[in-house]
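One letter stands for each residue in the lines below.
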Amino acid sequence: QVQLVESGGGSVQAGGSLRLSCAASGRTFSVYGMAWFRQAPGKEREFVAGISRNGGSTYYVDSVKGRFTISRDNAKNTVYLQMNSLKPEDTANYYCAADRAPSQYMGVLSQGRSKYDYWGQGTEVVVSS
């Protein structure tokens, strides 16, 4: 089992940047595929980005491509989400999630919430115009 704790959220103006971190407990972090999801008020939780166990494969939802970058440091048991050129529509609670049976490559099938076994408590991101 793994416990996930997000940090790095906050308030920023449109065009600004934030870097989210997700620290995982346990010694087997490198076996998990990892992802970031977000949930805006009144909306469904949606996939944002995912990364394979060794970081060699990533996948993004179209709305964040070119602006967000997911990465991981297995030595530090941490996954990151660098968010640049933020827009008001990026306002949401951001959650990291772990998949204990990941595919080698991240893709469209990585987007399903049911694929992920462990979730963090979320960190809030507010982007003002």
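This text goes with the structure placed above it.
From a predicted model like this one, the values you see are computed outputs, not experimental measurements. (Residues numbered from 1 in each chain as written. Predicted model: local features only at pLDDT ≥ 70, side-chain atom pairs only at ≥ 80, totals over all residues. Heavy atoms only, no water.)

A. Spatial organisation of the nonpolar core. If you look at the biggest cluster of nonpolar residues, it comprises 31 residues, and the most contacted ones within it are L4, M34, W36, L81, M83 and Y94. Leave out the neighbours within four places in its chain, and M83 touches G16, S17, L18, L20, R67, F68, Y94 and V125. Among the nonpolar cores identified, the runner-up in size contains six residues, and F37, A97, M106 and Y116 belong to it. (Core = buried A, V, L, I, M, F, W, Y, C linked by side-chain atoms within 4.5 Å. Buried < 20%, exposed > 50% of the residue type's maximum accessible area, 1.4 Å probe, protein only. Contact = heavy atoms within 4.5 Å.)

B. Just the environment of R45, in detail. Mapped onto the secondary structure, R45 falls in the loop between β4 (33-39) and β5 (46-51). Each residue touching R45, except ones within four places of it in the same chain, is listed here: F37, R38, Q39, Y95, R113 and W119. At 3.3 Å, the side chain of R45 forms a polar contact with the side chain of Q39. (Helix = DSSP H or I, 4+ residues; strand = E, 2+ residues; numbered from the N terminus. Polar contact = N/O pair within 3.5 Å; in protein donor to acceptor, adjacent residues only side chain to side chain.)

C. Focus on the sheet that holds strand β8 (residues 78-83). Taking strand neighbours across the sheet as the criterion, the four strands line up as β1-β3-β8-β7 in an open arrangement whose pairing is antiparallel. This sheet does not close on itself; its edge strands, each paired only once, are β1 (4-7) and β7 (68-73). Each adjacent strand pair in this sheet contributes to an overall mean axis angle of 15°, direction not counted. Here strand β3 (residues 18-24) runs beside β8; their pairing, made up of six bridges, is antiparallel. Within β8, the residue paired with A23 across the bridge is T78. (Pairing = 2+ DSSP bridges. Axes fitted to C-alpha atoms, helices over the stretch in contact; angles between N-to-C directions.)

D. Region of the structure containing the pattern of salt bridges. The final tally for this structure, using the stated rule, is seven salt bridges. The partner of K115 in a salt bridge is D99, and the shortest N-O contact between them spans 3.0 Å. Remark: D99 occurs in strand β9 (residues 92-99) and K115 occurs in the loop between β9 and β10 (118-119); sequence separation between them is 16 residues. Residue K115 is classed as partly exposed on the basis of its relative accessible area, which comes to 25%. On the basis of relative accessible area, D99 is assigned to the buried category, the value being 4%. Salt bridges sharing common partners tie together R38, E46, R67 and D90. (Salt bridge = Lys/Arg side-chain N within 4 Å of Asp/Glu carboxyl O.)

E. Region of the structure containing the packing of aromatic side chains. Enumeration according to the criterion identifies six aromatic pairs in this entry. Judged by centre distance (6.0 Å) and plane angle (85°), the rings of Y32 and Y118 are edge-to-face. Of this pair, Y32 sits in the loop between β3 and β4 while Y118 sits in strand β10; the two residues are 86 residues apart in sequence, bridging distant segments of the chain. Comparing Y32 with Y118, the two get one shared label, buried. In textbook terms, an aromatic cluster arises when at least three aromatic residues are bridged by ring pairs, as seen for F37, F47, Y59, Y116 and W119. In this structure, R72 packs its charged tip against the face of F29, placed 4.5 Å from the ring centre. (Phe/Tyr/Trp six-rings, centres within 6.5 Å; stacked < 30°, edge-to-face > 60°. Lys NZ or Arg CZ within 6 Å of the ring centre and 35° of its normal.)

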